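Descriptive structure summary
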Amino acid sequence: MSYKVSYEAPRDMKEGEIVTFLQMLAKASPHAQTELYYTDTFSLLVAVVLSAQTTDMSVNKVTPALLALAPTPEAMVALGEEGIAACIRTIGLWRAKTRYLVRLSQQLLTNYGGEIPQTREALETLAGVGRKTANVVLSVAFGKPTVPVDTHVFRLANRSGLGRGRSVRAVEKALEKRIPESMKCISHHAMILHGRYVCKARKPECWRCVVQNICLFPCKEVNKKSD
Ligand code: SF4
């Protein structure tokens, strides 16, 4: 997958700049975590699968009811496509996601004893689970040092010079190589929140950005402008 890159940093940040940038982001959001509703690893996996090309807010509107009916892979299979569809019909791609939830629950029962596997390779064998979903589950549920790249991270990394690339995979590779192992988990959430609420797609709010002095984006919006 690829997102549009319009303007980007003229160079990659240096190692020291990356560490300072991420430390400042982490300090600004010390309790940064996923905004998806979940209660355990299975519900996290379900929520992340449902969040593909859909906002976390839309997903959070449907997951409590769905997970109350189907808190385990067994219950999800028993609920079946009709029951799942009735719960998630308001979110994008609900037909495909309905099929994914039944199929991945069956796969968990058949191949993994009902447990969520802890490797990217195994997670990626599950229906509806791509590389980004697998990385999110590995990072959030198991504390593994992965760097999931969504549209917010992709934009922030290219604009700031944290890790530039034309494709999601290229940015993921750059960030994996450049972000120190010990900073990956906290950086993941801090970058998503910063991209979502400050370094916005249409107009980054650089005037209130804590990393404004380190960011290499050449078109910073340093003056607050009304819409
Ligand atoms: S200074 Fe602007 S472009 Fe750079 S990270 Fe902050 S909001 Fe984004």
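Details of the structure are given in the entry above.
Presented here is an overview of the structure given in this document.

**Section: the overall build of the chain**
- Counting its secondary structure elements, the chain contains 10 helices and 0 strands.
- Along the chain, helices and strands appear, N-terminal first, in the series α-α-α-α-α-α-α-α-α-α.
- Taken over C-alpha atoms, the radius of gyration comes to 18 Å for the chain, in line with the 17 Å a tight globule of 227 residues would show.
- Dimensions along the principal axes, computed over C-alpha positions, put the chain at roughly 55 × 40 × 30 Å.
- Burial status across the chain gives 49% buried among its 227 residues.
- A separation threshold of at least 6 residues defines the contact pool for the chain, and within that pool the share at least 24 residues apart is 61%.
- The positive charge centre, built from 31 side chains, and the negative charge centre, built from 20, are 7 Å apart in the chain.

**Description of the site of the ligand**
- Near the ligand, the surroundings consist of Leu156, His194, Cys199, Pro204, Cys206, Cys209, Gln212, Cys215 and Phe217.
- Its residues assigned to classes, the shell around the ligand comprises 7 nonpolar, 2 polar and no charged.

**Overview of the packing of aromatic side chains**
- According to the stated counting rule, one finds 0 aromatic pairs in the structure shown.
- Positioned over the ring face of Phe217 is Arg159, at 5.3 Å from the centre of the ring.

**Concerning helix 4 (residues 73-88)**
- Between its first and last C-alpha, helix 4 extends only 17 Å over 16 residues, short of the 22 Å set by a 1.5 Å rise per residue.
- When the local axis directions of helix 4 are compared, the greatest deviation, roughly 95°, occurs at Gly80.
- Looking only at helix 4, the buried set comprises Pro73, Met76, Gly80, Gly83, Ile84, Ala85, Cys87 and Ile88.
- Turning to helix 4, the residues buried within the fold contact helix 2 (41-50), helix 3 (56-69) and helix 5 (94-112).

**So, the packing of helix 8 (residues 151-160) against helix 9 (residues 168-178)**
- In contact at an axis separation of 10 Å, helix 8 and helix 9 are set at 65° when each is read in the N-to-C sense. Between helix 8 and helix 9 lies a crossing of left-handed hand. Across from Val153, Phe154, Ala157 and Asn158 in helix 8, the residues of helix 9 making contact are Val168, Val171 and Leu175.
- Its residues placed into classes, the contact of helix 8 with helix 9 shows 6 nonpolar, 1 polar and no charged.

**Re the pattern of salt bridges**
- According to the stated counting rule, one finds 11 salt bridges in the structure shown.
- Note that Glu172 and Arg131 form a salt bridge whose closest N and O atoms lie 2.8 Å from each other. Here Glu172, found in helix 9, pairs with Arg131, found in helix 7 (residues 131-142); they are 41 residues apart in sequence, far enough to count as distant.
- Note that Glu172 is salt-bridged to Arg169, the shortest N-O span being 3.4 Å. In this pair, Glu172 and Arg169 are both assigned in helix 9, 3 residues apart and thus about one turn of the helix distant.
- Connected through salt bridges with shared partners, the residues Glu35, Asp56 and Arg196 form a single ionic network.

Thresholds applied
Residues numbered from 1 in each chain as written. Predicted model: local features only at pLDDT ≥ 70, side-chain atom pairs only at ≥ 80, totals over all residues. Heavy atoms only, no water. Helix = DSSP H or I, 4+ residues; strand = E, 2+ residues; numbered from the N terminus. Rg over C-alpha atoms; globule rule 2.2 N^0.38 Å. Buried < 20%, exposed > 50% of the residue type's maximum accessible area, 1.4 Å probe, protein only. Contact = heavy atoms within 4.5 Å. Lys, Arg positive; Asp, Glu negative; His and termini not counted. Charge placed at Lys NZ, Arg CZ, Asp CG, Glu CD. Near = heavy atom within 4 Å. Nonpolar A, V, L, I, M, F, W, Y, C, P; charged D, E, K, R; others polar. Phe/Tyr/Trp six-rings, centres within 6.5 Å; stacked < 30°, edge-to-face > 60°. Lys NZ or Arg CZ within 6 Å of the ring centre and 35° of its normal. Expected span 1.5 Å × (residues − 1). Bend = angle between axes of the 7 residues up to and from the residue. Axes fitted to C-alpha atoms, helices over the stretch in contact; angles between N-to-C directions. Left-handed = near helix turned anticlockwise from the far one by under 90°. Salt bridge = Lys/Arg side-chain N within 4 Å of Asp/Glu carboxyl O.

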